[in-house]
Amino acid sequence: MGRRRTGAAGIQSYVKDHFGTFESQRPEFVNLSAYLNLDSGTGRVRGASVFGPSGAADVLRRILEPFADLGVIGASNVKARSNGGTDSFSFNSAGLPGINLSQDPIEYITNSWHTDLDTYERVLEGDLKQCVIVVASLAYHLAMRDEMLPRFLGDSMPAPEK
C-alpha cells in the first residue's frame, strides 16, 4: 500500500501523476475539460473563477446566468499558474482549467474549518441546497458541451510561477 498524501501535497501529486503539466503532458491532460472546486465550508455559491482565456469565463457566465436569482453573480478568468492556495490552483499550475467556486465566508478559517470540529451540524441547509443545484448544473453543462472549455494554448499559456 502506498503512502497516504494529504492536503496540498496530495493534490499536487495527483495532478502531476495523472495529468502532468502543459510542458510535460500525460495522456489524460487533453481529456480534462475542467476541475470544479467547492471547498469553503457552508456558504452559498456567489461566482466562479477559472484558469484560462476570457472565453472560458464567458462559458461559465452563460451556464451560471440562470442562477442570478440564487445570488450567483458570474465568473472571471485568471492567468496565474500558482500552486499555493485551494485545490484548483494545482490544476491551474499545471496549465489546466481549474474552476474555483466562490462562497459566502461563513465560519471560514475559524477553529472548526477543516478540523475534526467541522461536522455536518455546521452546514446551513439552504446554502447546501443552493450549492448542490449550482454545482450539479455546472458539471452537467460542462460535460454536455460539444467542445472542451477554452484553454490557453501554445504561446498564450502563461509561464508557471516558481
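Note: the structure precedes this text.
Given the structure is predicted, the values throughout are model-derived calculations rather than measurements.

Asker: Describe the pattern of salt bridges, listing the residues and the values that go with them.
Answerer: Applying the stated rule across the entire model yields 6 salt bridges. Here E125 makes a salt bridge to K129, at a shortest N to O gap of 3.0 Å. With E125 and K129 both in helix α4 (residues 125-144) and 4 residues apart, the pair spans about one turn of that helix.

Asker: Break down the nonpolar core for me, with residues and values.
Answerer: If you look at the biggest cluster of nonpolar residues, it comprises 20 residues, and the most contacted ones within it are A48, V50, L60, I99, L138, L142 and L149. Breaking this core down by element, the ones donating at least two residues are β2 (45-51), α2 (54-64), β4 (98-103) and α4. In terms of residues, this core owes the most to one element, α2, which gives 6 residues. Other than its neighbours up to four places away in sequence, L149 contacts S33, A34, V50, A56, V59, P97, I99 and L142.

Asker: Give a detailed account of the side chain of N100, specifying residues and quantitative values.
Answerer: Take N100: it is sitting in strand β4. Within the structure, the side chain of N100 is placed 2.8 Å from the side chain of N37, a separation counted as a polar contact. In this structure N100 touches N37, G47, A48, S49, T86 and S88, once residues within four positions along its chain are discounted.

Asker: So what about the sheet that holds β4? Which residues, and what values?
Answerer: One open sheet accounts for 4 strands, arranged β1-β4-β2-β3; its pairing is mixed. Two strands bound the open sheet, and with one partner strand each, they are β1 (35-37) and β3 (75-78). Neighbour-to-neighbour, the strand axes of the sheet open up by a mean angle of 25°, direction not taken into account. The strands touched by α2 within the sheet are β2, β3 and β4, with β3 carrying the most contacts at an inclination of about 160°.

Cut-offs used in this document
The residue numbers shown here count from 1 along each chain, following its written sequence. Residues qualify for local features only when their pLDDT is at least 70, as the model is predicted, and side-chain atom pairs are given and counted only at 80 or more; totals for whole chains, interfaces and linings, by contrast, use all residues. Side-chain measures were taken over the full set of non-hydrogen atoms in the model, leaving aside hydrogen atoms and water. Salt bridge criterion: a side-chain nitrogen from Lys or Arg within 4 Å of a carboxyl oxygen from Asp or Glu. Secondary structure elements follow DSSP: runs of H or I of four or more residues count as helices, runs of E of two or more count as strands, with numbering from the N terminus. Definition used in this section: a nonpolar core is a set of buried Ala, Val, Leu, Ile, Met, Phe, Trp, Tyr and Cys residues joined via side-chain atoms within 4.5 Å. Think of it in three bands: with a 1.4 Å probe and only protein chains considered, a residue is buried below 20% of the maximum accessible area for its type, exposed above 50%, and partly exposed in between. In what follows, a contact means two residues having at least one pair of non-hydrogen atoms within 4.5 Å. Polar contacts, as used here, are pairs of N or O atoms within 3.5 Å; protein pairs need one atom able to donate a hydrogen and one able to accept it. Residues neighboring in sequence count only if both atoms are side-chain atoms. Between any two strands, pairing holds if DSSP finds at least two bridges. Lines are fitted to the C-alpha atoms to define the axes, a helix being fitted only along its stretch in contact, and any angle between axes, read from their N-to-C directions, falls within 0 to 180 degrees.

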